[in-house]
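Structure at a glance
Listed here are the chains, written in short residue letters.
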Amino acid sequence: MPDHYFGVPGQWSLRQCDNSSCRLLWQDPMVIAEDLVLAYKNYYTVAAPSSNGSPASVGLTRTFSRLDRLFTRLLRLQPERDRHANTYLHDTAPGALLDVGCGSGDFAAHMRRLGWRCQGTEFDPDAARHARETHGIEVDLGDISQIRYEDERFDAITARHVIEHVREPAVFLAECWRILKPGGRLVLLTPNADSLGHRHFGPRWRGLEQPRHLYLFNPTSMQALFERQSIAGADVFSSAQGASYTLNASAKTAQGLMQRSIDQCAIWFLQVGETVLTRRGAQVGEDLVVIATKPRGRAAAAAL
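Note that this is a predicted model, so its numbers are computed, not measured.

A few words now on the overall build of the protein chain. Tallying secondary structure elements over the protein chain gives eleven helices and ten strands in all. When contacts within the protein chain are restricted to residue pairs at least 6 apart in sequence, those whose partners lie at least 24 apart make up 73%.

Listed below in structure tokens is the structure:
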């Protein structure tokens, strides 16, 4: 598939593991490490892409927004959306929080207002500068494995849509676990390859985002990743509460008003369907969420 979102020239292929207990998707052949920076040349980190479009397209978007507000009230979604917005730390006493891939620092600033002592990591120097200058967030530039924080430093670590970008997810996960305090919480968010949105949009689905997303997980492959790192008890589930962005971004790849109209109608039904089904335990939401608490004492030593 081509880069539908940021115009990097070329096409990329994805493969999928045929083991039914895995079904991991990965980029193959994978962009070499030295060239990966080129995939982010026009990438946004500080600001979201422009939403400008034709009058008809803008009208459809406004109609969808009104329906989304109605949908939120009817299904009483606000508490679920608030938990998602707080990256599932709503029931955790504030402490030292590391936001991996913090981007513009908006999330870290939000969590600081809730009482957390926040800092971040970021690859993009412009985004890191924005986080420092706009929000006063301490940001370390580079890969978390190269920064080498001391053991058991943070009470919570969040990595929101980061693990799909890294070349070695197992190494990334192990490093996050090493620097997390016993009793601390690790929360990962990543696109869910089993989502209804992926089924509808196919190669246009925002979650694929080639060539930047190197690995695309589903609940079973993510659970296997945690088990390989001897991290027991991780809660892996999908959520529909981040669906609005993913589905709308996917719809913007439509060619022609007819396809755009079809996609906008589909978004409404996809959000309703994902919300109802995820509440019943189906793993079809746009976001895959993992919540893992590091054990204390002997259990933590045994896991290492």
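That covers the picture; the talk isn't over yet.
Take the pairing of strand 5 (residues 138–141) next. As paired strands, strand 4 (residues 117–122) and strand 5 are joined by four bridges and run parallel to one another. Paired with Glu122 across the two strands is Leu141, which belongs to strand 5. In this fold, strand 4 hands off to helix 4 (residues 125–135), which returns the chain to strand 5; that crossover is right-handed.

This part covers the pattern of salt bridges. Within this structure, the stated rule accounts for 14 salt bridges. Asp151 is the salt-bridge partner of Arg178, the closest N and O atoms lying 2.4 Å from each other. Taken together, the residues Arg178 in helix 6 (residues 169–178) and Asp151 in the loop between helix 5 (144–147) and strand 6 (154–160) connect sequence positions 27 residues apart. Note on Arg178: relative accessible area 18%, which makes it buried. The partner of Asp155 in a salt bridge is Lys181, with the nearest N and O atoms 3.4 Å apart.

What the seven strands build is an open sheet, ordered 5-4-3-6-7-10-9; its pairing is mixed. Each of the sheet's edge strands pairs with one partner strand only, and the pair in question is strand 5 and strand 9 (235–239). Between one strand axis and the next, the sheet turns by 20° as a mean value, whatever way the strands run. The sheet contact formed by strand 3 (residues 96–100) and strand 4 spans five bridges and is parallel. Bridge pairing links Asp99 to Gly120 in strand 4.

Turning our attention to the environment of Pro9. Mapping Pro9 onto the fold places it in the segment before strand 1 (14–16). For Pro9, a relative accessible area of 72% translates into the label exposed. Along the primary structure Pro9 and Pro211 are separated by 202 residues, whereas in three dimensions their C-alpha atoms are 9.7 Å apart.

In this section: the sheet that holds strand 2 (residues 25–27). With respect to topology, three strands assemble into an open sheet ordered 1-2-8, the strand pairing being antiparallel. The open sheet has two edge strands, strand 1 and strand 8 (215–216), and neither has a second partner. In this sheet, strand 8 lies alongside strand 2 in antiparallel orientation, the contact comprising two bridges. Paired with Trp26 across the bridge in strand 8 is Tyr215.

Each value, and the rule that gives it
Residues numbered from 1 in each chain as written. Predicted model: local features only at pLDDT ≥ 70, side-chain atom pairs only at ≥ 80, totals over all residues. Heavy atoms only, no water. Helix = DSSP H or I, 4+ residues; strand = E, 2+ residues; numbered from the N terminus. Contact = heavy atoms within 4.5 Å. Pairing = 2+ DSSP bridges. Right-handed = clockwise from strand over helix to strand, strands pointing away. Salt bridge = Lys/Arg side-chain N within 4 Å of Asp/Glu carboxyl O. Buried < 20%, exposed > 50% of the residue type's maximum accessible area, 1.4 Å probe, protein only. Axes fitted to C-alpha atoms, helices over the stretch in contact; angles between N-to-C directions.

All we've got here are geometric facts, nothing functional implied.
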